[in-house]
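Fold and geometry: a report
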Protein chains: 2
Amino acid sequence: MKAIRQLTIIGVGLIGGSLARALREAGAVDEIVGAGRDEAHLQRARALGVIDRYSLDPAEAVRGADMVLLALPVGAMEAVMRAIKPQLSADAVLTDAGSTKGSVIEAARQAFGELPANFVPGHPIAGTEDSGVEASFAGLYRDHRVILTPTENSSADAVERVRALWQAAGAEVLEMDPEHHDRVLAATSHLPHLLAFSLVDTLAKMDDKQEIFAYAAGGFRDFTRIASSDPNMWRDICVHNEPALLAMLDRFEADLKRLREAIAHDDGDYLLEVFSHAKAARDRFCDNE
Amino acid sequence: MKAIRQLTIIGVGLIGGSLARALREAGAVDEIVGAGRDEAHLQRARALGVIDRYSLDPAEAVRGADMVLLALPVGAMEAVMRAIKPQLSADAVLTDAGSTKGSVIEAARQAFGELPANFVPGHPIAGTEDSGVEASFAGLYRDHRVILTPTENSSADAVERVRALWQAAGAEVLEMDPEHHDRVLAATSHLPHLLAFSLVDTLAKMDDKQEIFAYAAGGFRDFTRIASSDPNMWRDICVHNEPALLAMLDRFEADLKRLREAIAHDDGDYLLEVFSHAKAARDRFCDNE
């Protein structure tokens, strides 16, 4: 890949910071400019060597950039797109790392009037429950997948440049239809996060919560790890992937209701059938851990 | 602790096998006798050095034992208690490792007519999603908790001997009221397992399940790890802790319904409040990972 001259990352947290570190390690970028709202945070990012310089003004930060990454909660995309529009050069490629794709495409349509040829939505399937630039590391994307969801207007050249960006960070890049992306992610990411947040909240509201959490074993810690994720980011995802998430939630709740009835009626056969089916599926699909 | 002369373990899997290994390492037992229904499995346990000898007949296996551990799915307890009753010596202490305690005490009441003074129900809060003697290891209980739920008839001496048994394996031993145990475990263990099994089953029934699981990231793997647990064991737990589990499930479902409404009505404030509350609770209570 031709090295990027100036990469501007708006939102220098775990996702943006890890990409910056990976590209630097790969020698794939000359200069990295950060933008965000929290100056202390940007100063730490610079001190860590993740970015070379920063601006609190996203428009100023994108000036001169040939590649711009929006690594923001999806609810913040439209306002930032509007802000950078006047300074975005004609040959700059714009991409994002948002967890929902339909809503980000809609945000771009609103902000730019029509979908720009240089805009290529993307979503790295990687992350941890930690957030912030301090948690970022160069290996986050290595052997992880990045899904690009080009719009009908995305140019082949822009798609190729975003593909090269993530490949330089070690990721495997795939393309997917945006609606399909949102449906698949609702199932494997958004719904599990919602359930984990909900369960921990339910337990934390109980009178004997101290004792309840004191007796939580390793299984509970694993199950609820994603409930330590960034609440702002997940609020945005739930709101911005509403149709796909609610469809999955309804499906889940209907199945859970049947399990409830089986427990209430001592229907051990049904429970065993469901649990065995689930175990077989998980053992088959998650065998590479 | 005075070494156990003959420990008989009925059900030589992850739980029973790990206790056997730990006690051997600690020099806390002279002879370990296994019992179960699967001879090939017991032969492997003997070949691994986990047990010294075995019998397919639980009554024969408890003959001469001064300590008997039932490490069985809770649905199998009553039948095994009935079977061993004629051969259980008067000075033998009987304990179990079942995940529900009210139902095991009721099983003992049914099997023995009245609750024996030498019967001390217990539950080690340890385990992995793996099962079977091959997965057992001596360190499983080290720094983990074991909850004893003595009955109104349990003698102080019997409680002391069971306490010493688990302490020799490195565990911290506590006592709790059986109903309280069942309520706390419904919250932190039984409900999470039910949700994990249910979610994986729901996804595995979808037409594009191959693709759905292909895009599952680390968070999903952690969240669903407990869905790889033993389906028979969990069928029994759900059936045998029905009132406490259904009460927790109803509470969870009511809270989830409110989250569903918040998503449907774009009520980001409510989502943020719940997610923030959950994250704060998890970060506070699970900080030792």
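These figures come from a predicted structure and were not determined experimentally. (Residues numbered from 1 in each chain as written. Chains lettered and ligands numbered in written order. Predicted model: local features only at pLDDT ≥ 70, side-chain atom pairs only at ≥ 80, totals over all residues.)

**Overview of the packing of helix α7 (residues 178-204) of chain B against helix α11 (residues 242-264) of chain B**
Working note: a packed helix pair is described by the angle between its axes plus the distance between those axes. Residue and element names in this part refer to chain B. Rule in force here: Throughout, an axis means a line fitted to C-alpha atoms (over the contacting stretch in the case of helices), and angles, computed between N-to-C directions, take values from 0 to 180 degrees. The way it works is that DSSP assigns letters per residue, a run of H or I at least four long becomes a helix, a run of E at least two long becomes a strand, and they are numbered from the N terminus. Orientation is classified from the angle alone, with under 35 degrees giving roughly parallel, over 145 giving roughly antiparallel, 65 to 115 giving roughly perpendicular, and any other angle giving oblique. The hand of a helix crossing depends on one turn: near helix anticlockwise from the far one by less than a right angle means left-handed, and clockwise means right-handed. By the convention adopted here, residues make contact when the C-beta atoms placed from their backbones lie within 7 Å. Under the scheme applied, nonpolar residues are Ala, Val, Leu, Ile, Met, Phe, Trp, Tyr, Cys and Pro; charged residues are Asp, Glu, Lys and Arg; polar residues are all the others, including Gly.
Relative to each other, α7 and α11 sit at 60°, their axes nearing to 9 Å. Accordingly, the angle class assigned to the pair α7 and α11 is oblique. Crossing of α7 against α11: the hand is right-handed. Here D182, R183, A186, A187, H190 and L191 of α7 come into contact with α11, specifically with A244, L245, M248, L249 and F252. Here the contact of α7 with α11 is composed, by residue class, of eight nonpolar, one polar and two charged.

**What about the environment of N232 of chain A?**
Residue position: N232 of chain A is located in helix α10 (residues 231-240). Put simply, N232 of chain A and R24 of chain A are 208 residues apart on the chain and 29 Å apart in space, counted from C-alpha to C-alpha. Once you skip the residues sitting within four places of it in the chain, N232 of chain A turns out to touch P73 of chain A together with L272 of chain B.

**Thoughts on the domain arrangement of chain A**
Stated formally: The domain limits used here are those given by an automatic or database domain assignment.
Here the domain parsing of chain A yields domain 1 (4-176) and domain 2 (180-285). Tallying the contact residues gives 14 residues for domain 1 of chain A and 17 residues for domain 2 of chain A.

**Examining unusual backbone geometry**
Put simply, the rule reads: Three exposure classes are used, all based on how many other C-beta atoms lie within 10 Å of a residue's own C-beta (placed from the backbone): buried at 20 or more, exposed at 12 or fewer, and partly exposed between those limits.
Of note, the phi angle at D266 of chain A is positive, near 50°, even though the residue is not glycine. Here D266 of chain A shows up in the loop between α11 (242-264) and α12 (268-285). C-beta crowding within 10 Å serves as the criterion here: with 13 such atoms nearby, D266 of chain A is assigned to the partly exposed category. Positive phi, close to 65°, is recorded for D143 of chain B, a residue that is not glycine. C-beta crowding within 10 Å serves as the criterion here: with 9 such atoms nearby, D143 of chain B is assigned to the exposed category.

**Topic: helix α4 (residues 77-84) of chain A**
Residue and element names in this part refer to chain A. Quick note on the threshold: Starting at the helix axis, one direction is taken to each C-beta atom, and the arc is that of these directions.
If you check which residues of α4 are buried, you get M77, V80, M81 and I84. One face of α4 carries all of its buried residues, which in axial projection span an arc of 105°. As for α4, its buried residues are in contact with β1 (4-10), α3 (58-62), β4 (67-70), β5 (93-96) and α5 (102-112).

**Description of the environment of V120 of chain A**
All names here are of chain A. Topologically, V120 is positioned in strand β6 (residues 119-120). A residue is classified by how many C-beta atoms lie within 10 Å of it, and V120, with 26 of them, is buried. Separated by 39 residues in the primary sequence, V120 and V159 have C-alpha atoms spaced 6.1 Å apart. Once residues lying within four places of it in the same chain are set aside, the contact partners of V120 are V93, T95, L148, P150, S154, A158, V159 and V162.

**Some thoughts on the sheet that holds strand β1 (residues 4-10) of chain B**
All names here are of chain B. Going by this rule: Only strands joined by at least two bridges in the DSSP assignment are considered to pair.
The strand order across the open sheet built from six strands is β3-β2-β1-β4-β5-β6, with neighbouring strands paired in parallel fashion. Each of the sheet's edge strands pairs with one partner strand only, and the pair in question is β3 (53-55) and β6 (119-120). Sheet topology places β1 next to strand β4 (residues 67-70); four bridges connect them, and they run parallel. Each bridged residue has a counterpart across the sheet, and for L7 the counterpart in β4 is M67.

**Side note on the interface of chain A and chain B**
Much of the literature gives interface size as the accessible area that the parts lose upon coming together. The interface is formed by 70 residues belonging to chain A together with 70 residues belonging to chain B. If you list the elements that add at least two residues to the side of chain A that touches chain B, you get α7 (178-204), α8 (209-214), α9 (218-224), α10, α11 and α12 of chain A. Element by element, the count of residues in the side of chain A that touches chain B is highest for α7 of chain A, at 16 residues. Its residues placed into classes, the side of chain A that touches chain B shows 42 nonpolar, twelve polar and 16 charged.

**Regarding α10 of chain A**
Most of α10 of chain A is tucked away: nine of the ten residues are buried. For α10 of chain A, the full list of buried residues reads P231, M233, W234, R235, D236, I237, C238, V239 and H240 of chain A. Residues of α10 of chain A that are buried in the fold lie against α5, α7 and α11 of chain A together with α11 and α12 (268-285) of chain B.

**A word on the confidence of the model for chain A**
Stated formally: pLDDT is defined as a per-residue confidence score from the predictor, taking values between 0 and 100.
Overall, the prediction assigns chain A a mean pLDDT of 95, with 99% of residues at 70 or greater. In the predicted assembly, ipTM is 0.91 and pTM is 0.90.

**Focus on the relation of the copies chain A and chain B**
For clarity, the cut-off: All copies are superposed by least squares; the fitting set is the C-alpha atoms of residues with a pLDDT of at least 70 in both.
When chain A is fitted to chain B, the residual RMSD is 0.0 Å, and the transformation amounts to a turn of 180° plus an axial shift of 0.0 Å. Such a combination of turn and shift is consistent with a two-fold rotation axis. No C-alpha of chain A lies nearer the rotation axis than that of F223 of chain A, which sits 2.0 Å from it.

**Brief notes about the nonpolar core**
Where we set the bar: By our criterion, buried Ala, Val, Leu, Ile, Met, Phe, Trp, Tyr and Cys residues that link up through C-beta atoms within 7 Å make up a nonpolar core.
Ranked by internal contacts, the top residues of the largest apolar core, which has 202 residues, are V68 of chain A together with V68 of chain B. Leaving out residues up to four positions away in the same chain, V68 of chain A has contacts with T8, V62, I84, L88, A92 and L94 of chain A.

**Some details on the environment of E106 of chain A**
In this structure, E106 of chain A sits in helix α5. With 81 residues separating them along the chain, E106 of chain A and A187 of chain A place their C-alpha atoms 21 Å apart.

**Points about the pairing of β1 of chain B**
Put simply, side chains in a regular strand alternate between the two faces of the sheet. Residue and element names in this part refer to chain B. Using the following cut-off: The handedness rule is simple: strands pointing away from the viewer, and a clockwise path from the first strand over the helix to the second, make the crossover right-handed.
Counting buried residues along β1, six of its seven residues qualify, which places the element largely inside the surrounding structure. Taken together, the six bridges between β1 and strand β2 (residues 29-35) define a ladder with parallel strand orientation. Considered in β2, the bridge of I4 is made with V29. As a crossover connection, the stretch from β1 through helix α1 (residues 14-25) into β2 is right-handed.

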